[in-house]
Structures are given as structure tokens and as C-alpha cells.
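Okay, here's what each chain looks like letter by letter:
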Amino acid sequence: MNKRIISTLCAAVMMIAALSFSAFALSIEEQMAANSAAWHIANAAGDTETCEALHAANVALAQQAAGGSGNASFDAASGTWNISTSSGGTISSSSSQNGKTNTVTYSNTSSSGSVSSSSSRSYSDSSISAYKSAGGTNEGLQTSYNNAASQVSSSGNYGTDNAKNTAAAEAAVAKELLGLTNSQARQLQRDLEASKQQYAAAQDAYKAAVASGNTAAAEAAQAQMLAAHDAAQATRAKYNYTGDDEEAEDGGYYYGDTSKPQSGGGFYTTNIVSTYKITASAGEGGKIDPTGDKNVKKGESQKYIVTPNEGYKIKRVLVDGTDKGKLTEYTFNNVRAAHTIKAEFTRLKYTIDSSCGSNGSISPNGQTNVYHGDSKTYTMTPYTGYEVSKVIVDGVDKGKLTSYIFENVKEKHTISVQFAKKTFKITATAGEGGSISPNGDTTVNYGSSKSFTITPSTGYRIKSVVVDGVNKGERTSYTFSNVTAAHTISATFEKKTYNISASAGTGGSISPNGTSVVTHGNNQTYTVTPSFGYGVADVKVDNVSVGAVTSYTFSNVTAAHTIKASFH
């Protein structure tokens, strides 16, 4: 029984108890009697869970009543309690059944044997009314009908008459349990009687056809019997109850003759088809639940759940060979024939959109489909003189890559590449005593040229120009043509020097004598010494007489010079 029905029954139990309880506290036997009466309501509705809860409550009350030195016993066959209390008294229960009224009485007997108190609670017509007032539904009472209909007489009381004998009996039961009006009950009886007559006529035709050996007529008559049965069930459905249960397909109204005559005059048992096979299967990539063959009772429903595996999606669901689309579930309602259901799946695939700017290519280019879980590699190739400037994957800059792999693809992606002209760095440096221009790092585009100028400082001269480690000599400029690689250029300088030539005639000396090398800006002093008996006649500097001096200093030398001394 579903949870809604259980909650409804529990509400009914509480309402009935509320109707029966007085304003003051109940004695233990009064509580037990109320629980037992409520148990009958739940039992009639087939609510096993509520029955167990009510019995458990009475077990606890019985132990409380017995006390520490008493004892309590329950007779499951009769449904009665016998409790011996610690004070020596007894509490016992009894029940009586009279038609649809079941009365439960608990009596409290003292140790002297006198009955001190008693309490009765009943399950009767008013109990059903209380159930309905508490929100009970026809669906909840339906189980009660199925359990009891075959034992209820046309008068509505429990008895020996079988309700399946007449449509009137069934209508009487439905009227009482479902609260039908007199008009509804009469219409129900007429509709059921019409179906019964159709069934009986078809049954007679069936027997006659079998007796004569007319197989075609027998099958036609059997189909009419089935149609009459379905019509009766449709009638019951109008009033929100069903006649069918597991024991009797016609719910205690009629099922029909379960035997048919053989051609030889004997009888053998045959049953009208009551179950149909539904075969469910699933292709690669998913499952259907339940799967395989399943027998479904006539008129019942069967639901199927279709679930694709990871990396797959539903392609279609075929029901009896008909494409029903991409369903995740399908229900066969009111099953009246065998069926097949098949789920087909297809592997998920995702698009990767690739693109590139000018001056290069990406491979593959454009839109590519990749199956779930697979990987895809992309290669970026710049044209000559160009390089990858950046690769953008799903909007994120991944840098200057020449290849990229999408691994274990589970969604769509984008990749784009941009290219730029190749550039190369030329690093220029200069030592002390001069400069190089431009100095430092210079960026040069692929195939372009770049010139450098080397300039010594005042008093210095170029010593060497080294290009990519090779000495190019004392150059004042250098040009890198058609640049296709990085380069270096460095210039070194040295101080300028000048020669001063000194000489002396006969009769004396000059020091230092000969050629002296003097660095730019330095000073150089000369001493003129006549020999014994001679004197300085003249000293000429750069052929210009500076007089008969005995010393001369060249200050801040910036050029070559000569000095010559003469004597007399």
C-alpha cells in the first residue's frame, strides 16, 4: 500500500479514536479497546503497517497493566488478551462479530472476582463514515472491497452468500464501501448485469462451438467473453475501484467457466490469457530497466527507464517497431497484448572550432567532430619570416605554441592562432673610450637591415669591432643585412699616442733621446745638457726656436712633436 494511503488510514485511526474517547484520561483497558477497534479498520483496508503499530501499542499497554509481578498473553488466533495484574486481578478481552460490526470489549476483574470496569469499542458503519470524514479515499477502501467482496451478501452483511452470484450483490457492496448514491448503485448494477449477460451468452456460444468442433466460432466466442470482462472492469473503474485481484481476475463477481468440453465429451481446464510478455532490450551504449522478458498482468502498466552510458546519448526508442523518439522513459498502460521495446544509443561527439589569422595555418582547420573521451591534436605553422604570437583555447591565451592537444574531450571547444613577423635581437655594446649607436638591444624584423656607428671619444681611437665573436677590425660602422637571426656587436677603444722625436748636435745631449711615445693629454719633459767646454746654442721645438734652454716640457700632448738641441 502506498504512503498516501497509509497516512490517510492513520488520520482515520486518530479521528475514530477522537470520536470514541471521553474528555478525561482513558484507563488502560479503554485505550486497548480503542486500539483494537482501530485495528479492525486498518485490517479491513489491508493496511498491515498500521495494524502492526496498533498491536505494538497494545503490547506495551498490556505489560504496563500486568505490572512487575504480573504477566500478559495474546491469543493470535482469537485476537484476545489475558492479563494477570500484580494486584491479583485480571484484564481480559473479547470480541463479537455481527455482520459488519465488530465489537471489542476489555473487562477488568479484581482479585475478589468482581468486574470493576469494562470498555468496548466497535468497528461499524459509523467507523467507515469516520474514515471518510478524516479524508479517506475510494482508493484506500478499494483494498477492503477486494479482500471482502466475495464474502458479502446482497444485504451488505457478512454471510455465506457469495457476491459473485449477482450484480446486485456487488452493487450493494460498492454502495456501502464507496458511499455511492442510490442512483449510482442502480446504474452500476445495470451496467454490471449487462456485461454479465453478454459474458453468459458468449460462454454458451463458446461451449456450443467447442462441442461442434467449430474452432473459429469458439475463438470468436472467447473474444466476446474477454470483451464482456473488459466492459465490466471499465464499469468498475468509473467508481474508482477494481474488481481484479491476484486470486480472482473478476474480483469475486464472475470469471466464467474455467473448463470447456473436449470434442470427446470430457472437460479440461483452460484459462483466459491474463499475462502478456514485454521484451525489452538495449543496444551498445546504455541500458533499459527492466531488461529482458517480463510478464505483465492484463490491464496493468509497466514502466521502462532508458539510461545512456557516459559518453552516449539516446538515439531513439522503438516500441513495437515504431520510433517513439529520444525518450528517457516509457510506460505501457493497460496492457492487453505482447510488446517489444528497444533502446538505441549513439556516441556523443563534440565540435572543436579552429581558426587562424594571416601569415600561417592551423591543422585541422575549421570545424572538427570529436567523440566523447577521444583526443585531438592541432598543429600551428607560421609562414617564412613569421612566428606564432599566441594561441587562444576556449578564450584563454596559452602562449606561443606550435601544437596543442585536447585530451579526453567531454565538451565543445574553440582554438585560434595568431601570427606575427619574426623579430631578432641585436645586442650592441661599447667599451671605455667610445660609443656605439644604437646601443643595447635592438629589435629587427625578419629580412630587414640595421646599421651601427662606432665613435671613439676624444683622445681615443677604435681598437676593434667584434661581430658575433669575429673581429671585424677598426671600423667606424657596421651593417647587418637581411637579418634572419640574432646578433651581437661590440666595440673596444684605446687611448691615442703620439711620437716625440728628440735629437742633439755635437757638444751635448738631450734626454730622453730618440723617439718617445706619449699618451694623449700627458706631459713629456726633456733635459738639454752641454758637454764640458760647450754651451747650449739653441733648442728648436717643431723647428721653432725656443731659445738656449736646458729643459723643455710638452704639456697636454695631443699631437706628434720634434725637439732638437744644438751647442757651441
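For the structure, see preceding data.
A few points on the structure. Just so we're clear, the structure is a prediction, and the values are computed from it rather than from any experiment.

A few words on the overall build of the chain. The helix and strand inventory of the chain stands at eight helices and 39 strands. Within the chain, the fraction of its 568 residues that count as buried is 35%. The long-range fraction of contacts in the chain, counting pairs at least 24 apart against all pairs at least 6 apart in sequence, stands at 52%. Put simply, the chain shows about 29700 Å² of open surface, and 47% of that area lies on carbon and sulfur atoms.

Let us now look at the nonpolar core. Counting residues in each nonpolar core, the largest one holds 17 residues, and the members touching the most others are Ile 426, Phe 452, Ile 454, Val 465, Phe 480 and Ile 489. Listed by contribution, the elements that provide at least two residues to this core are β24 (423-430), β27 (450-456), β28 (460-467), β30 (477-480) and β31 (487-495). Broken down by element, the residue count for this core peaks at four residues, all from β28.

The next thing to look at is unusual backbone geometry. For the bond from Asp 289 to Pro 290, the omega torsion is 0°, close enough to zero to count as cis. Relative to the elements of secondary structure, Pro 290 occurs in the loop between β9 (286-289) and β10 (292-297). Looking along the chain, the bond that leaves Ser 363 and enters Pro 364 is cis, with omega of -5°. Note that Pro 364 resides in the loop between β17 (360-363) and β18 (366-371). Even without a glycine there, the phi angle at Asp 394 is positive, about 50°.

The next thing to look at is the sheet that holds strand β33 (residues 508-511). Spatially, the three strands line up as an open sheet ordered β33-β35-β38, and their pairing is antiparallel. Pairing within the sheet leaves two strands with one partner each, and these edge strands are β33 and β38 (551-554). Pairs of neighbouring strands in the sheet enclose a mean axial angle of 15°, with direction left out of account. Of the strand pairs in this sheet, strand β35 (residues 524-530) and β38 are connected by four bridges, and their pairing is antiparallel.

Another point: the side chain of His 487. On the secondary structure map, His 487 appears in strand β31. Polar side-chain contacts of His 487 include one of 3.4 Å to the backbone oxygen of Ala 485. Excluding residues within four positions of it along the chain, His 487 makes contact with Lys 425, Ile 426, Thr 427, Asp 468 and Phe 480.

Mapping Leu 188 onto the fold places it in helix α7 (residues 182-212). For Leu 188, a relative accessible area of 0% translates into the label buried.

Across the sheet, five strands lie side by side as β10-β8-β15-β12-β13; this open sheet has mixed pairing. Both edges of this open sheet fall to β10 and β13 (322-323), since each of them pairs with a single strand only. Across seven bridges, the pairing between strand β12 (residues 312-319) and strand β15 (residues 339-347) is antiparallel. Counted as the bridge partner of Leu 318 is Lys 342 from β15.

This part is about the pattern of salt bridges. Side chains that differ in sign of charge can pair as their charged atoms come close. Following the criterion strictly, the structure yields seven salt bridges and no others. Between Glu 329 and Lys 303 there is a salt bridge; the shortest N-O distance is 3.6 Å. Here Glu 329 is found in strand β14 (residues 329-332), whereas its partner Lys 303 is found in strand β11 (residues 302-308), with 26 residues between them in sequence. Look at Glu 329 and you get partly exposed, because its relative accessible area is 40%. What makes Lys 303 partly exposed here is its relative accessible area of 43%.

Basis of the calculations
Residues numbered from 1 in each chain as written. Predicted model: local features only at pLDDT ≥ 70, side-chain atom pairs only at ≥ 80, totals over all residues. Heavy atoms only, no water. Helix = DSSP H or I, 4+ residues; strand = E, 2+ residues; numbered from the N terminus. Buried < 20%, exposed > 50% of the residue type's maximum accessible area, 1.4 Å probe, protein only. Contact = heavy atoms within 4.5 Å. Areas by Shrake-Rupley, 256 points an atom, 1.4 Å probe, with all protein chains shown as cover. Core = buried A, V, L, I, M, F, W, Y, C linked by side-chain atoms within 4.5 Å. Pairing = 2+ DSSP bridges. Axes fitted to C-alpha atoms, helices over the stretch in contact; angles between N-to-C directions. Polar contact = N/O pair within 3.5 Å; in protein donor to acceptor, adjacent residues only side chain to side chain. Salt bridge = Lys/Arg side-chain N within 4 Å of Asp/Glu carboxyl O.

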